[in-house]
Structures are given as structure tokens and as C-alpha cells.
Amino acid sequence: MMHGNGGHGRVHPAASSSDFSGEMNQSVSAPSSDPSSSPLYSFHFEKPVPPPPPPPKAAQPGEYVVQVPKDKVFRVPPPENARLFEHYTRRAKRRRRCSCARVCACLLAALLTLAVLLAAAAGVAYLVLRPKRPAYAVQALAVSGLAGVGNASSTPATAAFSPGFAATVRADNPNGRIGVHYDGEKSLVSVSYDGVLLAGGAWPAFYQGPRNVTVFVAKAKGSGIRFSESVRGQMAAAERLRSVPFDVDVEVPVRLRIGRVRTWAVPARARCAVVVDRLAADAKVVSASCHVKVRFLSWRN
């Protein structure tokens with residue numbers, strides 16, 4: 001289309017195509033405010049159609065074709081995931097080892113601290129209390145059931161004896177702040193001669209307060225004792241010399257009491273060497289010595 005009035009002619013781009021002539025005139029006669037709504041600026045894009053999938057490969061003789069649904073196909077994770085998993089696993093193990101080592105170190109430190117505190121308390125108690133061993137002495141030893149043991153003419157060599165002993169014991173507790181409980185149920189008192197056990201008995205149960213002296217009688221009894229000819233000859237000779245030796249062994253559990261505090265039971269052992277003048281109930285003690293051992297801290301003599 002040409003316009004006059006001496007101007008230069010202009011050709012509308014839509015004039016070159018007969019298909020858009022009507023649309024051009026419509027747009028000229030009624031221009032729209034939105035240029036993009038005009039058919040001249042309308043474009044239509046369509047998604048390209050993907051090519052059809054290739055036909056499945058025909059199975060060769062002896063082969064099978066297995067078709068797996070798409071939602072059942074799993075991808076193989078990349079190797080980086082495996083390396084990351086190993087890294088985090090090693091780090092978690094290191095953290096667990098560090099936490100276990102830290103807990104063990106804390107427990108060990110607590111045990112060492114407790115041991116140091118207990119040792120310090122024991123040291124303070126030892127310095128304050130100054131514990132001493134109890135002292136024991138056999139004041140008398142009555143003998144029965146051994147009459148005629150040295151007289152071979154009156155008693156046959158195969159005769160059995162039932163010896164009995166009653167020991168009068170003096171127990172001295174020299175501690176000023178420590179009491180002693182004696183457990184008689186688990187105690188043992190034995191009397192022997194030259195290594196031959198003659199009788200057994202028990203230590204009486206009682207409580208001995210601080211700086212207390214207690215005198216009691218401990219009894220022991222035996223039966224069916226047979227002596228060899230040599231032992232009978234030794235006992236007869238010792239009785240003639242008015243010096244018959246016996247060994248008295250004592251083992252009794254004791255509990256120490258400090259104020260209202262009572263300790264655990266510890267074994268107290270004593271061995272007394274007693275010499276009497278004869279084998280009779282009215283025998284007199286010629287000499288006696290006792291050695292006491294108590295496993296509690298460090299007892300002083």
C-alpha cells in the first residue's frame with residue numbers, strides 16, 4: 001500500500017504476505033494497547049516430540065530378555081558416597097574410642113582420688129589413735145585325761161586318751177580409744193604337744209572396752225588320742241622334770257570399735273607356749289609366753 005503527499009513510500013511487513021492482509025487491516029483500524037496481544041506478535045512454541053525408543057533387541061537363541069519396570073530400576077550410587085560413608089564411619093569410631101578413653105580416665109582418676117583420701121584418713125587415724133596390740137597371758141592351765149600317760153605298766157601302749165584343758169587367760173586392751181569385740185562363734189582354740197594335736201575348743205565371745213583387763217577361761221577337749229612310745233616316754237620324762245610344754249593356738253575374729261564406729265572383722269591370731277609342772281587339774285604354770293598378730297593397720301607393741 002502506497003501513501004501520497006510527496007512522501008516516500010513505506011511497505012508494511014505484513015503486506016508481503018497475503019495470509020496476514022486481513023489481520024493487518026484489523027490491527028490498523030483497531031490498534032490495541034498491548035502489542036503482544038496483536039497477531040503480528042503472536043508466536044506458538046511446541047515441545048519437540050522425542051524420537052520413538054528403539055525396538056527391543058531380539059533375544060538370541062539360549063538368551064532371555066527380562067523387562068524390569070521403570071520404578072524398580074535403582075541407580076548405583078557414585079563411588080564418592082562410599083568414600084564419604086567410610087570417612088564418617090571412621091570418625092564415629094574415633095569419637096567412640098575417645099569417649100570410652102575419657103570415661104576410663106575419669107574412673108581411674110576417681111579411684112586414685114578415693115585411694116589417696118582413704119590413705120590420708122588412715123594416716124590421720126593412726127596418728128591420733130596410736131593403736132596397740134592386745135596382750136594375752138595364760139595364768140593357769142588345768143590338765144585332765146592324761147593321767148598315767150607316762151606309766152607303761154598301768155596303761156597299755158594302744159590305750160586311747162581323752163585329754164581336756166581349761167586355760168585361764170588374761171586379756172589386756174592397752175588402747176585408750178579403741179574397744180575390741182571378740183566373735184566366739186568363728187573362733188578356734190587348740191592345744192598340742194610336740195606337734196600332736198590333743199584338744200580343740202572355742203574362744204568366748206565378749207566385748208572389751210578401752211584400757212580394760214578381762215580374765216576368762218577357754219576350754220578345749222579331745223578324744224581318741226593315741227601316743228607313740230617315744231611321745232609317751234618324752235611326756236613321762238618331762239613330768240618327772242616338772243616341765244611339760246604345751247602349745248596353745250588361738251584364732252578369733254575381732255572387730256575394733258572407735259566411738260560408735262565398728263570396723264569389719266579381722267583375724268587375730270595368738271600362739272602361747274605354756275609349760276606346766278605336771279599333768280593334773282591343779283597343775284601350775286612354770287612359764288608362758290604369747291605372740292599376738294592382728295592384721296589391722298600397723299599395731300604397735
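Residues numbered from 1 in each chain as written. Predicted model: local features only at pLDDT ≥ 70, side-chain atom pairs only at ≥ 80, totals over all residues. Heavy atoms only, no water.

Locating Lys132 in the fold gives a position in the loop between α2 (79-129) and β1 (135-144). Along the chain, Lys132 and Pro174 lie 42 residues apart, while their C-alpha atoms are 6.6 Å from each other. (Helix = DSSP H or I, 4+ residues; strand = E, 2+ residues; numbered from the N terminus.)

Let us look at the nonpolar core. In this structure, Leu146, Phe165, Trp203, Phe227 and Phe246 are the most contacted members of the largest nonpolar core, which totals 48 residues. Considering every element that reaches this core, the biggest residue donor is strand β8 (residues 244-258), with 7 residues. (Core = buried A, V, L, I, M, F, W, Y, C linked by side-chain atoms within 4.5 Å. Buried < 20%, exposed > 50% of the residue type's maximum accessible area, 1.4 Å probe, protein only.)

Another point: the UniProt feature "transmembrane region" (unreviewed entry) in the protein chain. Residues annotated by UniProt as "transmembrane region" (unreviewed entry) correspond here to residues 100-129. Within residues 100-129, the helical portion is 100% and the strand portion 0%, while the C-alpha atoms at the span's ends are 43 Å from each other. (UniProt positions renumbered as here; feature names shortened; annotations may be inferred.)

Our next topic: empty space enclosed by the protein. For the structure shown, the criterion picks out 4 cavities of 30 Å³ or more. Roughly 70 Å³ of internal volume is contained in the largest cavity. Tyr136, Val138, Ala167, Val169, Val189, Trp203, Ala218, Val248, Val250, Ala270 and Cys272 are the residues that line the largest cavity. Contributions of two or more residues to the lining of the largest cavity are made by β1, β2 (164-173), β8 and β10 (266-276). (1 Å grid on protein atoms, 1.4 Å probe; cavity = no way out; pocket = protein on both sides within 12 Å on 5 of 7 lines; lining within 4 Å. Points joined across faces, edges and corners; volume = space filled by probe spheres on them.)

Inspection of every chain in the model, using the stated rule, returns 5 salt bridges. Here Asp249 and Arg271 are joined by a salt bridge, their closest N and O atoms 3.2 Å apart. Taken together, the residues span a long stretch of sequence, with Asp249 in strand β8 and Arg271 in strand β10 at a distance of 22 residues. The structure contains a network of salt bridges with shared partners spanning Asp247, Asp249 and Arg271. (Salt bridge = Lys/Arg side-chain N within 4 Å of Asp/Glu carboxyl O.)

Unusually for a residue other than glycine, Asp194 sits at a positive phi of about 55°. Looking at the secondary structure, you find Asp194 in the loop between β4 (188-193) and β5 (196-201). Overall, the relative accessible area of 52% leaves Asp194 in the exposed class.

So, on to the packing of aromatic side chains. Throughout the structure, instances matching the rule amount to 8 aromatic pairs. Considering the side-chain rings of Phe165 and Phe246, the 5.3 Å spacing of their centres and the 65° angle between planes classify their relative orientation as edge-to-face. Taken together, the positions of Phe165 in strand β2 and Phe246 in strand β8 put the pair 81 residues apart, joining distant regions of the chain. Like Phe165, the residue Phe246 is buried in the burial classification. On the numbers, 5.2 Å between centres and 50° between planes, the contact of Phe206 with Phe216 is tilted. Here Phe216 lies in strand β7 (residues 212-221) and Phe206 lies in strand β6 (residues 206-208), a separation of 10 residues in the sequence. The two residues Phe206 and Phe216 agree in class, both being buried. Aromatic ring contacts, followed pair by pair, group Tyr136, Tyr182, Trp203, Phe206 and Phe216 into a single cluster. If you follow Arg257 out to its NZ or CZ, it ends over the ring of Tyr207, 5.6 Å from the centre. (Phe/Tyr/Trp six-rings, centres within 6.5 Å; stacked < 30°, edge-to-face > 60°. Lys NZ or Arg CZ within 6 Å of the ring centre and 35° of its normal.)

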